[in-house]
Amino acid sequence: MWIKINSCLILVFILISFEGYTQKTDTIYHTNGNVLTGEFKKLNYGVVSWSMSGMGTITFETPEINNIKSDKQFEIKLNNGSLYFGSFDTTRIDRKVKIILKNGSELLSINDIVAVYPLKKSFWLRISGNFSLGFNYSKGSDVASLVSSGNLTYRKRKSSLMINWNNNNTFQADTLSATNINLGIGIERVLKNYWSWGAAFGVSQNSQLGVKLRLDYTSLSIIDIVYNNWKRYFVSAGLSVQQETPYNNPEKSTDLAGIITTAWKVYKYTDPKVWVDTDLAFIPYITGDWRYRVNFNLNPKVGIIGNDLQIGFNFYYNYDSRPPTDSESSDTDWGINLELTYSLH
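Treat the numbers as computed from the prediction; the structure is a model and nothing was measured.

*Asks:* How should I be thinking about the side chain of glutamate 244 in this particular structure?
*Replies:* For glutamate 244, the location among the structural elements is in strand β16 (residues 231-246). For glutamate 244, a relative accessible area of 4% gives the class buried. Here the side chain of glutamate 244 touches arginine 214 through a polar contact of 2.8 Å, side chain to side chain. Sequence-distant contacts of glutamate 244, that is, excluding residues within four places in its chain, are made with Val211, Leu213, Arg214, Glu251, Lys252, Ser253, Tyr285, Arg291 and Pro324.

*Asks:* I tried to follow a nonpolar patch on the surface on my own but got confused; where do I start?
*Replies:* A contiguous nonpolar patch, built from Leu161, Ile163, Leu183, Ile185, Ile187, Leu191, Tyr194, Trp195 and Trp197 and spanning about 790 Å² of accessible area, is present on the exposed surface. Among the secondary structure elements, those contributing two or more residues to the nonpolar patch are β12 (159-172), β13 (175-190) and β14 (195-206). No other element matches the 3 residues that β13 contributes to the nonpolar patch. When you line up the elements, tryptophan 197 lands in strand β14. Relative accessible area serves as the criterion here: at 34%, tryptophan 197 is assigned to the partly exposed category.

*Asks:* Explanation requested: the packing of aromatic side chains in the structure shown.
*Replies:* Two aromatic rings are characterised by how far apart their centres lie and by the angle between their planes. Throughout the structure, instances matching the rule amount to 13 aromatic pairs. Measuring from centroid to centroid gives 6.1 Å for phenylalanine 131 and tryptophan 165, while their planes differ by 50°, and the two rings are tilted. Separated by 34 residues along the polypeptide, phenylalanine 131 in strand β10 (residues 127-138) and tryptophan 165 in strand β12 bring together distant segments of the chain. Take tryptophan 165: its relative accessible area is 26%, and that puts it in the partly exposed class. Here a set of aromatic residues connected by ring pairs shows up, and it is made of Phe40, Trp50, Phe60, Phe74 and Phe88. For the cation-ring pair, arginine 155 lies above tyrosine 117, with the distance from its terminal atom to the ring centre recorded as 3.6 Å. Taking NZ or CZ as reference, arginine 232 lies 4.3 Å from the ring centre of phenylalanine 234, over its face.

*Asks:* So what exactly am I meant to see when it comes to the nonpolar core here?
*Replies:* A general feature of soluble globular proteins is that nonpolar side chains tend to end up buried together. Residues Phe40, Val48, Trp50, Ile76, Phe88, Val97 and Val116 are the most contacted members of the largest nonpolar core, which totals 21 residues. Elements with a contribution of two residues or more to this core: β2 (35-44), β3 (47-52), β5 (65-78), β6 (83-89), β7 (96-101) and β9 (113-118). A total of 5 residues in this core trace back to one element, the largest contributor, which is β5. Residues contacting valine 48, with those up to four places away along its chain left out, are Ile28, Phe40, Lys42, Leu43, Ile58, Thr59, Phe60, Thr62 and Ile65. If you look at the next biggest cluster of nonpolar residues, it comprises 8 residues, including Leu220, Ile222, Ile259 and Ile283.

*Asks:* Any chance you could explain the side chain of asparagine 168 here in plain terms?
*Replies:* Tracing the sequence through the fold places asparagine 168 in strand β12. With a relative accessible area of 6%, asparagine 168 lands in the buried category. Residues within four places of asparagine 168 in sequence aside, it is in contact with Leu146, Val147, Ala178, Thr179, Asn180, Tyr316 and Asn337.

*Asks:* Hey, could you run me through unusual backbone geometry in this one?
*Replies:* The general pattern is negative phi for most residues beyond glycine and trans for most peptide bonds. Within the chain, arginine 95 stands out as a residue other than glycine whose phi angle is a positive 55°. Along the polypeptide, arginine 95 turns up in the loop between β6 and β7. Since its relative accessible area comes to 18%, arginine 95 is described here as buried. Phi is positive for asparagine 248, close to 65°, though the residue is something other than glycine. On the secondary structure map, asparagine 248 appears in the loop between β16 and β17 (253-268). The class for asparagine 248 is exposed, based on a relative accessible area of 68%.

Each value, and the rule that gives it
- Residues numbered from 1 in each chain as written.
- Predicted model: local features only at pLDDT ≥ 70, side-chain atom pairs only at ≥ 80, totals over all residues.
- Heavy atoms only, no water.
- Helix = DSSP H or I, 4+ residues; strand = E, 2+ residues; numbered from the N terminus.
- Buried < 20%, exposed > 50% of the residue type's maximum accessible area, 1.4 Å probe, protein only.
- Polar contact = N/O pair within 3.5 Å; in protein donor to acceptor, adjacent residues only side chain to side chain.
- Contact = heavy atoms within 4.5 Å.
- Patch = residues over 30% accessible without salt bridge, like charges linked within 9 Å, V, L, I, M, F, W, Y side chains within 5 Å.
- Areas by Shrake-Rupley, 256 points an atom, 1.4 Å probe, with all protein chains shown as cover.
- Salt bridge = Lys/Arg side-chain N within 4 Å of Asp/Glu carboxyl O.
- Phe/Tyr/Trp six-rings, centres within 6.5 Å; stacked < 30°, edge-to-face > 60°.
- Lys NZ or Arg CZ within 6 Å of the ring centre and 35° of its normal.
- Core = buried A, V, L, I, M, F, W, Y, C linked by side-chain atoms within 4.5 Å.

Now the structure itself:
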């Protein structure tokens with residue numbers, strides 16, 4: 001047991017150490033005249049993550065940037081949906097940067113750049129994500145909730161592999177009284193301009209809604225309605241195969257359903273820094289009895305240590321117009337939990 005734990009710790013140490021020894025030869029020129037040399041780790045929602053020798057990783061907002069210089073290769077997304085793959089070079093024009101492409105170059109305004117991700121060769125350095133942990137307890141009712149959630153994204157050219165999970169367990173005294181568990185694996189492929197395609201496989205359980213096991217296989221078309229330095233709003237629609245096993249009945253049911261989702265992600269520059277993620281899904285069943293489900297999530301967070309550590313709450317609401325038969329289930333499940341979140345890369 002201890003050998004396995006020590007091996008995991010050594011592996012994590014090696015990965016972190018390897019990350020620290022990557023070349024820090026990128027340069028950012030600030031609008032106030034300061035020049036920083038380090039490693040350009042990423043830009044997302046108006047926030048640049050920048051690694052410097054002896055200082056670790058720092059963050060700052062895009063309005064502070066006047067010019068960028070880097071010979072490394074990046075994936076660069078603009079607010080009009082365009083996607084470039086190239087390196088950065090400086091210009092003599094304030095807040096204009098030159099993108100060096102394979103067959104030429106492009107002059108771009110820094111204000112038009114909404115996301116930058118380095119095309120790293122290391123598997124570890126291609127991964128980013130969040131880890132959250134929450135706990136609530138009421139002595140009067142002797143009810144406690146333990147929540148863990150997170151997501152990991154592995155990026156390649158024009159595509160991303162994503163894993164997300166959440167585990168919401170409610171205990172009363174020493175008994176597990178309710179569970180709400182979700183695990184999803186998906187891929188998203190950038191197509192043209194504002195369009196993307198996605199596919200996902202999900203596993204879930206919800207004792208409140210009477211679902212012992214649900215498997216879903218989903219294919220979606222995604223369009224960005226708004227995507228800029230501080231917010232993203234997108235809509236997706238597609239089809240999903242839903243396989244469901246209720247409590248108190250071993251028989252499975254398989255149905256075809258439509259799915260329409262909308263999501264809004266926003267970041268506020270000024271202190272205190274605030275992140276708000278929210279999404280809404282409507283799932284009408286095409287086969288079987290008329291039925292529809294609604295899932296809503298709201299997750300606002302406030303930065304407490306830079307942009308890496310945040311505190312906030314997670315609110316979820318699930319509705320099923322026709323819960324599984326042969327179960328004493330409700331048609332509604334909701335909850336709210338305080339969470340501490342750490343952002344990786």
